[in-house]
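Next come the chains, spelled out residue by residue.
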Amino acid sequence: MPENEPEVTAAEIARLAGVGRAAVSNWRRRHADFPKPVGGTETSPSFALADVERWLRDQGKLAEVPLRERVWQQLSGHPAGAVTALVHAGCALLLVHHRPSGWPALSAVSDARMAETLPAALEEVLTLRFGASRAVRTPVAGELASSVPLIRGAAALAAETGARQAFEFLLGRHLDANPRQYTLTPAEPAALMAALAGPARTVLDPASGTGTLLRAVDRPAALHAQESDPDLAALTALRLALHTDADVRAAAGDALRADAFPALAADAVLCHPPFNERNWGHEELAYDPRWEYGFPARTESELAWVQHALARLRPGGTAVLLMPPAAASRRSGRRVRAGLLRRGALRAVVALPAGAAPPYGIPLHLWVLCRPDATERPPPELLVVDAATTEHAAAGRDRLDWPAIRTAVLDAWRPFERHGSVAETPGVSRCVPVIELLDDDVDLAPARHLPLPAASGGTAELGRVRERLTQTLGRTAELTPRQARSAPPAAPVHWPSTTVGELARAGALVLRAGGTGAAPADGPVAVLTEQDVLAGRNPSGTLPAGPEEEPVLIEAGDVVVPVLGAGTIVRVADEELAGAALGRNLQLLRPDPAALDPWFLAGFLRGSANQRQASSYASTATRLDVRRLQLPRLPLADQRRYGDRFRALGEFEEALRLAGRLGEQLVQGLHDGLTDGSVLPE
């Protein structure tokens, strides 16, 4: 194999061919001419991309490897590592973006010559965009020698999608491939933080990560970013430079120990600081002038970031920080919190629902701060908002209604920002007098200061829930399956059977795996998640933002099967599910209605013995091989008879689920009503 030949894993082969991972395993077992591994490990081998592409094309399973996949494989297999390759590709894309007319002449030479001439062109555009002192170092000819094929591919991808979209795709794929290496700020809370900060021409993020917060700023004039990881600082600089025409200044280094912008007076600071850091510089920074509001304890690194953000604001400027909830109530931080309140620096504390940002298991807070103006009196009230208690804040990172959360938070903040006060919304927002907060604890957690509204909408709402439950229980009685009729003794015990895999090869159904795709430009697409199928509810997920990638869209009559776990849930899509995208760990079976009845198919696939036979076991989970599931060979008329019975069972099951949810709602509502006094114990 040639040196530096791109390699692909089995999962990436499945992505290239548009099939599930199990299909690749089957090809390896059944086809002696399938390419042999050239690297990786015994449990996760890798294969030469050229060999795989040739084999797929010879088998009629691939017309052409998509350009974006080819470029990604070149990047992920780069001998200097994916991050270095991404920086080289980003530099080239910036050059293409700013010098589109000069690129054809630069690229119309041999690879060796291109590696020699590129550094001068890159140095010119990097200096123009970032200045002489910058986070992105100009690569030299020797470093670029192995990157030229990647650079050519990235430029070709930019010609199709645009330079910014090409870089976003490559960066996004790299972040997805290394989820434990980076702590990312999702786009939704980033947009909310930028909206809380308001219009700003000069913005700083002193712990910029991948630059998501600064990308959310609307029409800035200058963006300043600092990141302790030099690789991330370079990627952030390139990402921002491709995203906006604003002046971009990015630096590598720890902002607390080595501030890159000590003289900056920004209009706004946005920051998602590292949490729970003990080694943040407590000893060497004891006499730092930034601690105007009190010297943070060793265990209060987040309060050090808060004061750093305030120190880099102009008077009247706004800072918004994503904070762990403990920072609002830990006793070790009460003196600093008291100082922030007395001086009027802390203006609002917003509790977000769990799942809003990493770590996803806890409800994080947003702190909104303003640098005090010495000529003004400190404001007498602090705004507290609890978006975690609203009905649109269902648990789970994929099920948050971000438009509703954003509206609830901004509807409280914007009038408070203008007038210094806002009317209370029970259970959601309230202005708390600062004097009430300056006690021994200085506890700023919104839940401490926001009593919940009357239980579940009051007794009228509880009455409606009870009435609905009574109706649903009556319907379950009507839908209860009638006495089962046994097959006569002479009836055959076993039918002639076939497998899903055989039906797929015969064209009686189509198999598709979920989990790929990105949100299209014309609007969000709902995603049916694995949890939605198991709970029998409507799609609750959303496709990730990024370069548009074709998702698997569900049609009415499709059969959806979870492939992880030992459950026996199968779902037939109706008109309400049609148009939703298929989520991860789900397999879609699209039967030909002239050959297969969907409810017949779903009913037999759900059989416990059938699923046990088709399941395999990994170290941590049970996995279902859908192609091995069996169903009997029956005429279409007989299939429909069975399908009608399976459909009736599905309606009965849905009624039971609804009754269970309504029963839980009624019980909890009565508990809450009795404890808050809105319901009397008659």
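Residues numbered from 1 in each chain as written. Predicted model: local features only at pLDDT ≥ 70, side-chain atom pairs only at ≥ 80, totals over all residues. Heavy atoms only, no water.

**Q** So what's going on with the overall build of the chain? Residues and values would help.
**A** Counting secondary structure elements, the chain contains 24 helices and 23 strands. Principal-axis analysis of the C-alpha atoms gives the chain an extent of 95 × 90 × 40 Å. By the burial criterion, 50% of the 682 residues in the chain qualify as buried. A fraction of 72% describes how many contacts in the chain between residues 6 or more apart in sequence connect residues 24 or more apart. Accessible surface, the chain as shown: approximately 32,500 Å² in total, 51% of it carbon and sulfur. In the chain, 72 side chains carry a positive charge and 79 a negative one; their mean positions are 3 Å apart. (Helix = DSSP H or I, 4+ residues; strand = E, 2+ residues; numbered from the N terminus. Buried < 20%, exposed > 50% of the residue type's maximum accessible area, 1.4 Å probe, protein only. Contact = heavy atoms within 4.5 Å. Areas by Shrake-Rupley, 256 points an atom, 1.4 Å probe, with all protein chains shown as cover. Lys, Arg positive; Asp, Glu negative; His and termini not counted. Charge placed at Lys NZ, Arg CZ, Asp CG, Glu CD.)

**Q** Help me get a handle on the environment of N276, residues and values and all.
**A** Tracing the backbone shows N276 in the loop between β7 (266-271) and α14 (301-311). The spacing of N276 and G333 is 57 residues in sequence and 13 Å in space, taken between C-alpha atoms. Ignoring sequence-local partners within four residues, the contact set of N276 consists of S301, E302 and R330.

**Q** Give me the lowdown on the sheet that holds strand β16 (residues 541-542), citing residues and values where you can.
**A** Here three strands make up an open sheet; going across it, the order is β16-β15-β19 and the pairing mixed. Pairing within the sheet leaves two strands with one partner each, and these edge strands are β16 and β19 (581-582). (Pairing = 2+ DSSP bridges.)

**Q** I'd like a description of the nonpolar core, backed by residues and values.
**A** In terms of nonpolar packing, the biggest core is built from 95 residues, with W103, F130, L196, L238, L270, L366 and L383 touching the most fellow members. In terms of residues, this core owes the most to one element, helix α5 (residues 82-98), which gives 12 residues. Here W103 is in contact with L95, V96, M114, L118, I151 and A155, once residues within four sequence places are set aside. Core analysis: the next-biggest nonpolar cluster, separate from the first, contains 43 residues, L256, F261, L285 and Y293 among them. (Core = buried A, V, L, I, M, F, W, Y, C linked by side-chain atoms within 4.5 Å.)

**Q** Any details on the packing of aromatic side chains? Residues and values, ideally.
**A** Aromatic ring pairs are defined here through the distance separating the ring centres and the angle between the ring planes. Throughout the structure, instances matching the rule amount to eight aromatic pairs. The interplanar angle of 85° and the centroid separation of 5.7 Å between the aromatic rings of F34 and F47 together place this pair among those described as edge-to-face. Placement of F34 in the loop between α2 (21-30) and β2 (39-40) and of F47 in strand β3 (residues 45-48) is noted, with a sequence separation of 13 residues between them. Its relative accessible area of 4% is what places F34 among the buried residues. For F47, a relative accessible area of 0% translates into the label buried. Seen from their ring centres, W280 and W291 are 6.0 Å apart, and the 85° between their planes marks the pair as edge-to-face. Taken together, the positions of W280 in the loop between β7 and α14 and W291 in the loop between β7 and α14 put the pair 11 residues apart, joining distant regions of the chain. With respect to class, W280 is no different from W291; both count as buried. An aromatic cluster is present here, built from W27, F34, F47 and W55 joined pairwise through their rings. Above the plane of the ring of F169 lies R68, whose end atom (NZ or CZ) is 4.6 Å from the centre. (Phe/Tyr/Trp six-rings, centres within 6.5 Å; stacked < 30°, edge-to-face > 60°. Lys NZ or Arg CZ within 6 Å of the ring centre and 35° of its normal.)

**Q** Go over the pairing of β3, please, and point to the residues and values.
**A** One ladder, built from three bridges, connects strand β1 (residues 7-9) with β3; its direction is antiparallel. Paired with V8 across the two strands is F47, which belongs to β3. Alignment of β2 against β3, held across two bridges, turns out to be antiparallel. In the strand pairing of β3, G39 is matched with S46. Connecting the antiparallel pair β2 and β3 is a turn made up of four residues.

**Q** A description of the environment of T210 should follow, citing residues and the corresponding values.
**A** Examined against the element boundaries, T210 turns out to sit in the loop between β4 (202-205) and α12 (212-215). Each C-alpha atom of the pair T210 and R137 lies 17 Å from the other, and the pair is 73 residues apart in sequence. In contact with T210, not counting residues within four places along its chain, are L175, L184, L232, T236 and R239. A polar contact of 3.4 Å, which involves the side chain of T210, links it to the side chain of T212. (Polar contact = N/O pair within 3.5 Å; in protein donor to acceptor, adjacent residues only side chain to side chain.)

**Q** Please set out the pairing of strand β5 (residues 222-227) residue by residue, giving values where relevant.
**A** Judged by how many residues are buried, β5 sits mostly within the fold: six of six residues are covered. Here β5 shows a buried face lined by A222, H224 and Q226 and a second buried face lined by L223, A225 and E227. Relative to β5, β4 runs parallel, the two sharing four bridges. Bridged to T202 within β5 is A222.

**Q** Mind laying out the state of the cysteines, listing which residues take part and the relevant values?
**A** Evaluation of the coordinates by the stated rule reveals zero disulfides. With no disulfide of its own, C271 lies closest to C370 among cysteine sulfurs, the gap being 16 Å. (Disulfide = S-S within 2.5 Å.)

**Q** Describe in detail the environment of L364, supporting the description with residues and values.
**A** By the secondary structure assignment, L364 is in the loop between β9 (346-351) and β10 (365-370). Of the residues examined, L364 reaches a relative accessible area of 0% and is grouped as buried. A sequence separation of 309 residues divides L364 from G673, and the C-alpha atoms of the two residues are 28 Å apart. Not counting residues within four places of it along the chain, the set of residues in contact with L364 comprises F275, L322, M323, P324, P325, V350, A351, L352, A357, P358 and P359.

By themselves, these figures tell us nothing about what the structure is for.
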